[in-house]
Amino acid sequence: MADWTASSNCGIRPYRSPHGSPQIRYYQASTVAASTGLIRAGDVVQFDTANSGAADWRIVRAQSTGGGGANLLSALADKLVGIAIETDTSDGSTTGLGTQTNRQIGVWIADKETEFLAYLRGSGAAASSLVNKQRSLIVDSTLRIWQIDSTNSTAALQTVVITEVPAAIVGDTGAQVAFKFMSSLAAPGI
C-alpha cells in the first residue's frame, strides 16, 4: 500500500467511455475568462451564464465556493460542460472574442456515461472504501488541479460519484479514482 501525493501534473483526465473515447466539443472562452479566469488544461468548465447571449457557446472556469470547505466545486445545476483539454491562448485581452469561431477550447464532455480519473485529497481514506460514494471536487489553488475531496461528504456539496479504483492501487491513500459527474450538473444537451 502506498500514500500518493498529487503534483501540478495530476489533473483530471478521461478514463473510459462507452463511445470508445470521450466526446470532445469546442467552445469559446468567455470574455470574462480572458483576463481574470484564464482556462487551463484540466480545469472543470461551465457555460457562462452571467453574460446574456453567451450561455450556449462561451465557457468559464467552473465556480468554486467556500461551502463546507474552501474551494469546493459549486453545485452547478444545468451548467457543467466538462474538462478543458487545452489552455486558452488569451493574452489577457478580449481580442478575437467577437467572432464565435475564434479562440476555441477543446472540452471533454461530462456526459452521464464518461468516467474521469482524479486524485483523492484528504487523509486517511483508502481509495477502495469510497467506491459508489458521492463526494465533492475541490480545486487546489496552488497546484491548479482539481481533486476529489475524500473527507467531505456533505450532501449539498457532492458533485461526483466514485465508480472504481484501478486494481493496482486498491488500498492506497490519495490515489487516483474513477468518477462520473452527477447528472444533475450537466448542461442541457450535454
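Everything numeric here is computed off the predicted structure, so don't read it as measured data. (Residues numbered from 1 in each chain as written. Predicted model: local features only at pLDDT ≥ 70, side-chain atom pairs only at ≥ 80, totals over all residues. Heavy atoms only, no water.)

**Some remarks on the environment of His 19**
Point 1. In this fold, His 19 is placed in the loop between strand 1 (13-16) and strand 2 (24-29).
Point 2. In this structure, the C-alpha to C-alpha distance between His 19 and Thr 114, residues 95 residues apart in sequence, is 8.5 Å.
Point 3. Residues in contact with His 19, not counting those within four places in the same chain, are Asp 111 and Glu 113.
Point 4. A polar contact is formed between the side chain of His 19 and the side chain of Glu 113, at a distance of 2.9 Å. (Helix = DSSP H or I, 4+ residues; strand = E, 2+ residues; numbered from the N terminus. Contact = heavy atoms within 4.5 Å. Polar contact = N/O pair within 3.5 Å; in protein donor to acceptor, adjacent residues only side chain to side chain.)

**Some thoughts on the pattern of salt bridges**
Point 1. In this structure the tally under the stated criterion is four salt bridges.
Point 2. One salt bridge connects Glu 164 with Arg 16, and the closest N-O pair in it is separated by 2.3 Å. With Glu 164 in strand 12 (residues 160-164) and Arg 16 in strand 1, the pair connects residues that are 148 residues apart, well separated along the chain.
Point 3. For Glu 164, a relative accessible area of 22% puts it in the partly exposed group.
Point 4. With a shortest N-O distance of 2.7 Å, Arg 144 and Asp 43 are connected by a salt bridge. Placement of the pair is Arg 144 in the loop between strand 10 (134-140) and strand 11 (145-149) and Asp 43 in the loop between strand 2 and strand 3 (44-47), with a sequence separation of 101 residues. (Salt bridge = Lys/Arg side-chain N within 4 Å of Asp/Glu carboxyl O. Buried < 20%, exposed > 50% of the residue type's maximum accessible area, 1.4 Å probe, protein only.)

**A word on the environment of Ile 105**
Point 1. Take Ile 105: it is sitting in strand 8 (residues 104-109).
Point 2. With 76 residues separating them in the primary sequence, Ile 105 and Ala 29 have C-alpha atoms 6.9 Å apart.
Point 3. In this view, Ile 105 contacts Arg 25, Tyr 26, Tyr 27, Ala 29, Ile 39, Ile 59, Ala 84, Glu 86 and Asp 88; residues no more than four positions away in its chain are not counted.

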